[in-house]
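Residue-level structure breakdown
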Amino acid sequence: MKNELVIVLDFGGQYNQLVARRVRECNVYCEIYSYKTDLQKIKDMNPKGIILTGGPNSCYEADSPTYTKELFELGIPVLGLCYGAQLMMHVLGGEVKRADVREYGKTEVLIDKASSKVFEGVSASTICWMSHFDYIAQIAPGFEITAHTADCPVAAAENAEKQLYAIQFHPEVLHTVQGKEMLSNFVRNVCGCAGDWKMDEFVENSIKEIRAKVGGKVLCALSGGVDSSVAAVMLSKAIGNQLTCVFVDHGLLRKNEGDEVEAIFGPEGDYDLNFIRVNAQQRFYEKLAGVTEPEQKRKIIGEEFIRVFEEEAKKIGTVDFLVQGTIYPDVVESGLGGESAVIKSHHNVGGLPDYVDFKEIIEPLRDLFKDEVRKAGLELGLPERLVFRQPFPGPGL
């Protein structure tokens, strides 16, 4: 399933997750790693391609995020975006300088090399999203300029022989009209990916893997949200009533939502699992009385959820596995993937495991973005109203 991998090396750009999502939309599996990732680790992963993200720094300053020249000598195709493009030029002997004119926003890009593999099928003049203070003043030896704008002499450059491509704009954002084609061209035409990473196979393989690995009792904290619901159904399809779902109704759901969750997963529902509903509304209200700060509320809700869940888990006794609905942005935003700052405390990464007696955690959705979790939910036959519901605002669900 994951035999084809493209990796995104994150240099602190705001669009790192978007780059990975766009690659996956081409049906190619993609993961995000920090620019500090060791070269040997990258070699061991054997990626079909590497994409360098944008970032807020100037690559010619001494303490800026960088990478060694060897990255570009592995024989693996590399695509540098924005800061990544400038860094590629800087490391390989080109020159990057502060620009007289800052380009920001929708900009007309003129393609100079229509035969470029990354610009196949792209119009000679196309609107792209620019966001940079610095510019590539001199391309590195062996490169040729493949696109420009009125103010930017090097909007794109490439060394086709070494499969190195530099793009000054952001193909991953929707403002770049033909950006998706460009990224698809890179992963298909340059990296040679077949594009066979599809959700139906992911679901099927996950169920098989869970079935093969999981014996004994399994416990799942079910919030009624999309992630935990999809995880629960996947486990139910794999192991049936070895699974017990504990649904803690903390009173912070939408009206009647607790009953809706019970209707889907409870004894009257379609799924083969054990369902326990805990009506703990009053406990949560008492803990939250007088608290106004959102992050503090989040921590109180998370902590109390753990307490209630722990009490229920003790009644069940030792379980072999604990299921969590962790998804890929939880992993990235908690500082475990990529270079972005920790954005908020995540209830899914850490917390529960310290208090429940179990042998191992199962996170069947850990590799998926939210839109992919929804697709997996549809593949599993969950009702659309559950799959496409929006998260409860703030630290509710």
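Everything below is about the structure shown above.
One structure accompanies this document, and this report is about it. (Residues numbered from 1 in each chain as written. Predicted model: local features only at pLDDT ≥ 70, side-chain atom pairs only at ≥ 80, totals over all residues. Heavy atoms only, no water.)

Turning our attention to the overall build of the chain. Counting its secondary structure elements, the chain contains twelve helices and 14 strands. Expected size for 397 residues packed as a compact globule is a radius of gyration near 21 Å; at 24 Å, the chain falls within 12% of this value. Principal-axis analysis of the C-alpha atoms gives the chain an extent of 70 × 45 × 35 Å. Taken across its 397 residues, the chain has 55% of its residues classed as buried. (Helix = DSSP H or I, 4+ residues; strand = E, 2+ residues; numbered from the N terminus. Rg over C-alpha atoms; globule rule 2.2 N^0.38 Å. Buried < 20%, exposed > 50% of the residue type's maximum accessible area, 1.4 Å probe, protein only.)

Right, let's get into the sheet that holds strand E2 (residues 29-34). The strand order across the open sheet built from nine strands is E2-E1-E3-E4-E9-E8-E7-E5-E6, with neighbouring strands paired in mixed fashion. Two strands close off the open sheet at either side, each with one partner strand: E2 and strand E6 (125-138). Here the average twist between neighbouring strands, direction ignored, is 20°. Two elements, strand E8 (residues 156-159) and strand E9 (residues 164-167), share four bridges in a ladder whose sense is antiparallel. Residue pairing across strands places Asn 159 opposite Leu 164, the latter belonging to E9. With respect to the sheet, helix H1 (residues 16-25) is in contact with strand E1 (5-10), E2, strand E3 (49-52) and strand E4 (78-81), its orientation differing from that of E2 by roughly 160°. Running over the sheet, helix H4 (residues 179-190) touches E1, E3, E4, E6 and E9 and is turned about 165° from E4. (Pairing = 2+ DSSP bridges. Axes fitted to C-alpha atoms, helices over the stretch in contact; angles between N-to-C directions. Contact = heavy atoms within 4.5 Å.)

Oppositely charged side chains may form a pair once their charged atoms are brought near each other. Summed over the entire model, instances satisfying the criterion amount to 25 salt bridges. Lys 370 is the partner of Asp 227 in a salt bridge, and the nearest nitrogen-oxygen pair spans 3.0 Å. A residue pair is termed long-range when its members are at least 10 positions apart, and Asp 227 in helix H6 (residues 226-239) and Lys 370 in helix H11 (residues 370-379) qualify at 143 residues. Residue Lys 370 is classed as partly exposed on the basis of its relative accessible area of 25%. (Salt bridge = Lys/Arg side-chain N within 4 Å of Asp/Glu carboxyl O.)

Strand order in the open sheet formed by five strands is E12-E11-E10-E13-E14, and the pairing between neighbours is parallel. Among the strands making up the open sheet, the edge pair consists of strand E12 (274-279) and strand E14 (360-362). Looking at each pair of strands side by side, their axes are set apart by 25° on average, direction ignored. Strand direction decides the pairing type here: strand E10 (residues 218-222) and strand E11 (residues 243-249), joined by five bridges, are parallel.

Here we come to the pairing of E2. When you tally the buried positions in E2, you get six out of six residues, the bulk of the element. Here E2 shows two buried faces, one formed by Tyr 29, Glu 31 and Tyr 33 and the other by Cys 30, Ile 32 and Ser 34. Where E1 meets E2, six bridges bridge the pair, whose relative direction is parallel. Counterpart to Ile 7 in the pairing with E2 is Glu 31. After leaving E1, the chain enters H1 and then returns to the sheet as E2, a path that is right-handed. (Right-handed = clockwise from strand over helix to strand, strands pointing away.)

Turning our attention to the side chain of Ser 64. Relative to the elements of secondary structure, Ser 64 occurs in the loop between E3 and E4. Apart from residues lying up to four places away in sequence, Ser 64 is in contact with Asn 57, Ser 58, Cys 59 and Tyr 83.

Attention now goes to helix H5 (residues 199-213). Count 3.6 residues to each turn of an α-helix, and residues three or four apart come out pointing the same way. Under the 1.5 Å per step criterion, the end-to-end length of H5 is 21 Å for 15 residues, consistent within 8% with the ideal 21 Å. Where H5 is buried, its residues contact H6 and H11. (Expected span 1.5 Å × (residues − 1).)

Before going further, it helps to spend a moment on the packing of H6 against H11. The N-to-C vectors of H6 and H11 enclose an angle of 40°; their axes lie 10 Å apart at closest approach. Taken together, H6 and H11 sit at an angle that is classed as oblique. The handedness of the crossing between H6 and H11 is left-handed. Along the contact surface, H6 presents Val 226, Asp 227 and Val 230, while H11 presents Lys 370, Val 373, Arg 374, Ala 376 and Gly 377. Tallied by class, the residues present in the contact of H6 with H11 amount to four nonpolar, one polar and three charged. (Parallel < 35°, antiparallel > 145°, perpendicular 65-115°, else oblique. Left-handed = near helix turned anticlockwise from the far one by under 90°. Nonpolar A, V, L, I, M, F, W, Y, C, P; charged D, E, K, R; others polar.)

What follows is about helix H7 (residues 257-265). If you check which residues of H7 are buried, you get Glu 257, Gly 258, Val 261, Ile 264 and Phe 265. End-on, the buried residues of H7 take up no more than an arc of 125°, which puts them together on one face. On its buried face, H7 sits against E10, H6, E11, E12 and helix H12 (384-387). (Arc of directions from axis to C-beta.)

As a further point, take the pairing of E3. The side-chain alternation of E3 yields two buried faces, one formed by Gly 49 and Ile 51 and the other by Ile 50 and Leu 52. As defined by bridge partners, E1 adjoins E3 across four bridges and the pair is classed as parallel. For Ile 7, the partnering residue across the bridge sits in E3 and is Ile 50.

Here the structure, examined in full by the defined rule, presents ten aromatic pairs. Measuring from ring centre to ring centre gives 5.4 Å for Tyr 328 and Phe 369, while their planes differ by 90°; the resulting arrangement is edge-to-face. Residue Tyr 328 is located in helix H10 (residues 328-336), and its partner Phe 369 is located in the loop between E14 and H11; the two are separated by 41 residues in the primary sequence. Take Phe 369: its relative accessible area is 2%, and that puts it in the buried class. (Phe/Tyr/Trp six-rings, centres within 6.5 Å; stacked < 30°, edge-to-face > 60°.)

Moving on, we come to the side chain of Ser 236. Of note, Ser 236 is situated in helix H6. For Ser 236, the contacting residues outside a window of four places in its chain are Leu 243, Tyr 271, Asp 272 and Leu 273.

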